[in-house]
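Below are the chains, spelled out letter by letter.
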Amino acid sequence: MKFSTKAIHAGQGADPATGATIVPIYQTSTYTQDAVGEHKGFDYSRTVNPTRIALEAQLAALESAEYGSAFASGMAATAAVLNILSAGDHVVVTDDLYGGTYRLFSRVLSRYGLEFTYVDMADLNAVRAAIKPNTKMFWIETPTNPLLKLIDIRAICALRDAAPGSIVVVDNTFASPYFQQPVALGADVVVHSTTKYIGGHSDVVGGAALTSNKDLYEIVKFHQNAVGGVPGPNDAWLTMRGAKTLALRMREHAKNAQAVAEFLEAHDEVDRVYYPGLPSHPQHELAKRQMSGFGGMVSFTLKGPEQRAIDFANRMHYFSLAESLGGVESLICHPARMTHGSIPKEEREKRGVTDGLLRLSVGIEDIDDLLADLSQAIDAVKARPNTGTLETLRR
Ligand code: P1T
């Protein structure tokens, strides 16, 4: 089955109870049993729910993985995957990553005896140097959030030999399974915030963990039930419906993002553009090798003082000032103040997430309207420089 067919058919056969063509929303917390110890395979909805099972099969198929587990959020999926580890284990983590993941690792899981080292994983020597005798996991985001750095998944997988018993986990949220297939590249587990491209319409929060390793699946599944961060059937259904059009949407996101990145790069007022589809991106060749498209996220800095970024963000019309990404509508975000605010300023700036950085989630509106919006905001900032402050950033 090819990608678009899987999106529409995997896990989504006619309902065995009624023949309903579309998977029903099984809005039930429990199931009546035929007799003590006799039931139809369903006993309690935290443990198992037919709507969630359908979503799990659909997402596993999209990632070319054998097994899927769905969660109430991307963070719940991330936490469940970290449950694979035990106190005393060490994780090598990309130093540019979603602020909430950093917060979970540094402020929650480190209190439970897990150890994290953040390195620029684009630098394989730095990754090699970070490996310790207790290294049990490599945590990759690629492209990274928000600087859109690329990490070579195959090359990191090759480093598992230097850390016996370790696994490679890829947060594939930014690329989506349409543009990047980490399991095929050797990764052990793929994590998603399905809130983003998979759901695709900014109307549902969710997460998923996908793997072809049965042992890892069983550990994650055990924790899904034991810890309980499951999505309800309504959210599972909305996510599944969104994912049916993933291929169509991703093609449009990437086309628009390429045009936005090229427009910004050519503009006199723009200092730097971060987009893997630009030949000027330092890892453009790796992006071409590892991804089948460059995605819909573009970050950039303007020339001049950093507060111009705030001014710019406040002046957009079609790009809503909002956290999150991956919906059909365009969004603009000021990472330092919003998505990455939980990373201490010093740490953030060391990694390049300055107060001048802006991040766009380029939607699938008409590209002419998006470029006109960017253009008017640049003109406005140019005409009235330095009026923005962090305090004037609307939230
Ligand atoms: O928000 P949630 O569904 O819990 O997913 C967390 C998450 C995990 N991984 C990546 C790469 C993410 O970008 C996110 C969430 N990110 C945002 C809300 C954001 O605006 O960047």
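Below or above, wherever it landed, is the structure these notes cover. (Residues numbered from 1 in each chain as written. Predicted model: local features only at pLDDT ≥ 70, side-chain atom pairs only at ≥ 80, totals over all residues. Heavy atoms only, no water.)

**Observations regarding the sheet that holds strand S11 (residues 331-333)**
- Judged by pairing direction, the sheet is mixed, and its five strands sit side by side in the order S8-S9-S12-S11-S10 without closing on themselves. Of all the strands in the sheet, just strand S8 (270-274) and strand S10 (320-321) have a single pairing partner and so form its edges. (Pairing = 2+ DSSP bridges. Helix = DSSP H or I, 4+ residues; strand = E, 2+ residues; numbered from the N terminus.)

**Here's the deal with the environment of Asp203**
- With respect to the helices and strands, Asp203 occurs in the loop between strand S6 (189-193) and strand S7 (207-211).
- What makes Asp203 partly exposed here is its relative accessible area of 45%.
- Between the C-alpha atom of Asp203 and that of Asn256, which follows or precedes it by 53 residues, the distance is 22 Å. (Buried < 20%, exposed > 50% of the residue type's maximum accessible area, 1.4 Å probe, protein only.)

**Description of unusual backbone geometry**
- Following Thr142, the chain continues to Pro143 via a peptide bond in cis, the omega torsion being -10°.
- Relative to the helices and strands, Pro143 is located in the loop between strand S4 (135-141) and helix H6 (153-158).
- For the bond running from Asn145 to Pro146, omega is 10°, close enough to zero to count as cis.
- Topologically, Pro146 is positioned in the loop between S4 and H6.
- Of note, Ser64 is a non-glycine position whose phi angle comes to about 55°, a positive value.
- With respect to the helices and strands, Ser64 occurs in the loop between helix H2 (50-62) and strand S1 (67-71).
- By relative accessible area, which is 34% here, Ser64 ends up partly exposed.
- In this structure, Ser202 takes a positive phi of about 50° despite not being glycine.

**A closer look at the sheet that holds strand S5 (residues 167-171)**
- Taken in spatial order, the seven strands of this open sheet run S1-S7-S6-S5-S4-S2-S3, and their pairing is mixed. Each edge of the open sheet carries a strand with a single partner, namely S1 and strand S3 (115-119). Averaged over all neighbouring strand pairs, the angle between strand axes comes to 20°, with direction disregarded.
- Taken together, the five bridges between S1 and S7 define a ladder with antiparallel strand orientation. Note that in S7 the partner of Ala70 across the bridge is Ala208.
- This element, H2, spans S1 and S7 of the sheet and lies at about 125° to S1.
- Sheet contacts for helix H3 (residues 74-82): S1, strand S2 (90-94), S3, S4, S5, S6 and S7; angle to S6, the most-contacted strand, approximately 155°. (Axes fitted to C-alpha atoms, helices over the stretch in contact; angles between N-to-C directions. Contact = heavy atoms within 4.5 Å.)

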